[in-house]
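Each chain, written out:
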Amino acid sequence: MNNPAPDTETVYVDPLRQARSRKKARQDALIGVASLLGFVALVVLLVGRSSGWDTVAQTFFNGDQFAESFPGLLQAFWLNVRIFFIAEPLILIIGLLVALARTVKSPIFLPIRVLATLYVDIFRGVPTILVIFLLGFGMPALQLTGVPSDAIFWGTAALVLSYGAYVAEVFRAGIGSVHPSQTMAARSLGLSSLQNNRFVVLPQAVRNVTPPLLNDFISLQKDTALVAVLGPIEVLRRAQIDTSSNFNYTPYVGAALIFIALTIPMTRFADAMQTRSARKKRAGGVA
Amino acid sequence: MIKQDSYICVDGVWKAFDGYPVLRGTSLDVAQHSATALIGASGSGKSTLLRCINALETVDAGSIMVNGDLDVTAFNADLDAIRRRIGIVFQSYNLFPHMKVLDNITLGPIRVLKKSQKDSKVAAMELLTRFGLESKALDYPDRLSGGQAQRVAIVRALAMEPEIMLFDEITSALDPMLVGEVLDSVRELRAGGLTIVMATHEMSFAKEIADQVCFLHEGVVWESGTATELFERPRRVETQSFLQRVH
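Residues numbered from 1 in each chain as written. Chains lettered and ligands numbered in written order. Predicted model: local features only at pLDDT ≥ 70, side-chain atom pairs only at ≥ 80, totals over all residues.

A. Looking closely at the overall build of chain B. Looking only at helices and strands, chain B has nine helices and 10 strands in total. Computed over its C-alpha atoms, the radius of gyration of chain B comes to 18 Å, within 12% of the 18 Å expected for a compact globule of 247 residues. In terms of overall dimensions, chain B has C-alpha extents of about 50 × 45 × 35 Å along its principal axes. Residue burial in chain B is summarised as follows: out of 247 residues, 48% are buried. (Helix = DSSP H or I, 4+ residues; strand = E, 2+ residues; numbered from the N terminus. Rg over C-alpha atoms; globule rule 2.2 N^0.38 Å. Buried ≥ 20, exposed ≤ 12 C-beta atoms within 10 Å, placed from the backbone.)

Quick look at the structure:
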């Protein structure tokens, strides 16, 4: 006798097995929650009963101090946001141009290739904060006419130069991740090297490096605080001022909370993108 | 020395990769509107020979002339012009995964032949219909079966209206059930009179479709002739033993 042939859409699971696996899932969830609650209770009990806790709470988690400093911190954070939104597009443009400059093969463009390589080597090798010091204090000291002496300007410029070098390397890795057979197919259709880059390689490269680029964005968001060393009153500077005037570290915690509130959603988004692109790659195979 | 009926004339071509010789002074003549099958073991130089013909690889020595007027191996050869006249389809399809099927096909006509968007799309849809793929026009390549992907790759090369088509083991990556549909497409092109050179492991297909079959061995065309001559009465020992092994 033939087996019955259900239509191809049918999904059949034995009800008994289904009930059993549902029960198991419920049990697992319960155990997980109970374990987590137990752990939290233990931590609270241990920390709260330790002798120094009151001093710690007073110095770092002071409600009054928090309420007093937080509005000012938020206001100062607006400067960080502006630095970020000005720097990020510039970083992307510089990164892409430098990455492309490093891939050109024509001998006449050798100077461009050498310059691009030097730029990446230098700015990836020097700590960001050092670049900020060099530009932020050094450039205004030159007192050249037409060169701005604004600390925010030079702080942002330093971030752009430093991150541009990193992002250039990310883009270059992306270009390298596109299989050479794609270029072969494009060239076999008569596309020029430039057309191959523009229509075939770059679109795939950018898609491949979107998750690591998002990671660099998150990093940049935090590093806007480095500009504080030049004096502009952004969130870290504001917290520092509040802290020293009241001898209480709660404003620092407030500043940290503001950064976290912004970076956590972005981190989750980056994770989701990464998972999605990994899945897509597996499904795509050799297309 | 160009023979009378030689449309593609490969003369004494050498090619080495990292000091390892792949083509060793090989020669080949292909007549216009004919189909030539290149057979031989892996590493015998079939793929490399095809890639040299449309200048995806530069030769170390020797020359390749097409139609007596297009010197593929010249130092200052216009590579884009060569590739416009000679299409190639690869074993691994190499479709552009970020573009829909239709855009894969119209990229060359629009960017290289400078045709209008509209004309290119109309022509592409006609080709897709001819190969039974019109319903896939707006899909991305990852939605296609291997056979469909390979037929799209054929259509993409055809959209450039080449004079010569090179097929590089185009059925080797396919599920046996999907080989037939791709071979049907090649039959159709053969009937249309396109000049075809194909590297293949499908002996029965080579026998059926090829006017000329060439057996490559250690980087040279070891023996060539009509399908009947080569398959029924191979003269050289190496050819005989190769055919025995694949049959």
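That covers the picture; the talk isn't over yet.
B. Structural context of the overall build of chain A. Helix and strand counts for chain A come out as 10 helices and zero strands. Against the globule reference of 19 Å for 287 residues, chain A gives a C-alpha radius of gyration of 27 Å, more extended than a compact globule. Burial statistics for chain A: of 287 residues in total, 27% are counted as buried. Considering only residue pairs separated by 6 or more positions, chain A has 75% of its internal contacts joining residues 24 or more positions apart. (Contact = placed C-beta atoms within 7 Å.)

C. Inspection of the packing of helix α5 (residues 128-142) of chain A against helix α6 (residues 151-177) of chain A at higher detail. All names here are of chain A. Closest axis-to-axis distance for the α5/α6 pair is 8 Å, and the angle between their directions is 145°. Classified by chirality, the crossing of α6 by α5 is right-handed. Residues Thr128, Val131, Ile132, Leu135, Gly136 and Met139 of α5 form the contact with α6, whose participating residues are Ala151, Trp154, Gly155, Ala157, Ala158, Leu159, Leu161 and Ser162. (Axes fitted to C-alpha atoms, helices over the stretch in contact; angles between N-to-C directions. Left-handed = near helix turned anticlockwise from the far one by under 90°.)

D. Representation of the environment of serine 185 of chain B within the structure. By the element assignment, serine 185 of chain B lies in helix α6 (residues 176-191). Distance from serine 185 of chain B to arginine 130 of chain B, taken between C-alpha atoms, is 9.3 Å for residues 55 residues apart in sequence.

E. Structural view of the confidence of the model for chain B. Summarising the model, chain B shows a mean pLDDT of 90, and 98% of its residues fall at 70 or more. On the interface metric, ipTM, the complex scores 0.88, and its pTM is 0.81. (pLDDT = per-residue confidence, 0-100.)

F. Representation of the sheet that holds strand β7 (residues 164-168) of chain B in the model. Residues and elements named next belong to chain B. With mixed pairing, the six strands of this open sheet are ordered in space as β6-β7-β8-β3-β9-β10. Two strands bound the open sheet, and with one partner strand each, they are β6 (86-89) and β10 (220-225). Averaged over all pairs of adjacent strands, the angle between their axes in this sheet comes to 20°, without regard to strand direction. Relative to strand β8 (residues 195-199), β7 runs parallel, the two being bridged by five bridges. (Pairing = 2+ DSSP bridges.)

G. Quick peek at helix α1 (residues 46-53) of chain B. Residues and elements named next belong to chain B. For α1, a buried count of seven out of eight residues is recorded, marking the element as mostly surrounded by other parts of the structure. When we look at burial in α1, the residues that qualify are Lys46, Ser47, Thr48, Leu49, Leu50, Cys52 and Ile53. Looking one or two residues past α1, alanine 55 carries a phi angle of roughly 65°, positive in sign.

H. Quick look at helix α1 (residues 15-49) of chain A. With 35 residues, α1 of chain A extends 51 Å between its outermost C-alpha atoms, agreeing within 8% with the 51 Å of an ideal straight helix rising 1.5 Å per residue. When you tally the buried positions in α1 of chain A, you get zero out of 35 residues, a small fraction of the element. (Expected span 1.5 Å × (residues − 1).)

I. Representation of the packing of helix α3 (residues 101-111) of chain B against helix α5 (residues 146-158) of chain B. Residue and element names in this part refer to chain B. Interaxial distance between α3 and α5 falls to 8 Å at its minimum, and their mutual angle equals 25°. On the basis of their axis angle, the class for α3 and α5 is roughly parallel. With respect to the hand of their crossing, α3 and α5 are arranged in right-handed fashion. For the pair α3 and α5, contact is made by Val101, Asn104 and Ile105 and by Val152, Val155 and Arg156, respectively. Considering only residue class, the contact of α3 with α5 consists of four nonpolar, one polar and one charged. (Parallel < 35°, antiparallel > 145°, perpendicular 65-115°, else oblique. Nonpolar A, V, L, I, M, F, W, Y, C, P; charged D, E, K, R; others polar.)

J. View of the pairing of β10 of chain B. All names here are of chain B. Relative to β10, strand β9 (residues 212-217) is paired through five bridges, and the arrangement is antiparallel. Within the sheet, the bridge partner assigned to leucine 216 lies in β10 and is valine 221. Counting the residues that bridge the hairpin from β9 to β10 gives two residues, and of these glutamate 218 lies at a positive phi of roughly 50°.

K. Up close: the interface of chain A and chain B. Contacts between the two partners involve 20 residues from chain A and, on the opposite side, 22 residues from chain B. Of the residues belonging to the side of chain A that touches chain B, the class tally is 10 nonpolar, eight polar and two charged.

L. The sheet that holds strand β5 (residues 70-71) of chain B, seen in detail. All names here are of chain B. If you walk across this open sheet you meet the four strands as β2-β1-β4-β5, and the pairing is antiparallel. The two strands at the open ends of the sheet, each matched to only one other strand, are β2 (20-30) and β5. Bridge analysis of strand β1 (residues 8-17) against β2 gives eight bridges, and the strand direction is antiparallel. Residue pairing across strands places isoleucine 8 opposite valine 30, the latter belonging to β2.

M. Examining the environment of asparagine 197 of chain A more closely. Residues and elements named next belong to chain A. Here asparagine 197 lies in helix α8 (residues 193-223). Taking the C-beta count within 10 Å as the criterion, asparagine 197 has 20 such neighbours and is therefore assigned buried. On a C-alpha basis, the gap between asparagine 197 and glycine 254 in space is 46 Å, while along the polypeptide they are 57 residues apart.

N. Structural detail: unusual backbone geometry. Residue and element names in this part refer to chain B. With phi around 65°, alanine 55 is a residue other than glycine that occupies positive phi space. Relative to the elements of secondary structure, alanine 55 occurs in the loop between α1 and β4 (61-66). Positive phi outside glycine occurs at asparagine 67, with the angle close to 60°. You can see asparagine 67 is positioned in the loop between β4 and β5. The partly exposed category is assigned to asparagine 67, around which 15 C-beta atoms lie within 10 Å.

O. Representation of the pairing of β7 of chain B. Residue and element names in this part refer to chain B. With five of five residues buried, β7 is to be regarded as a mostly interior element. Residues of β7 alternate between two faces, with Ile164, Leu166 and Asp168 on one and Met165 and Phe167 on the opposite face, all of them buried. Note that β6 and β7 share four bridges and pair parallel. If you follow glycine 87 over to β7, its bridge partner there is methionine 165. Handedness of the β7-α6-β8 crossover: right-handed. (Right-handed = clockwise from strand over helix to strand, strands pointing away.)

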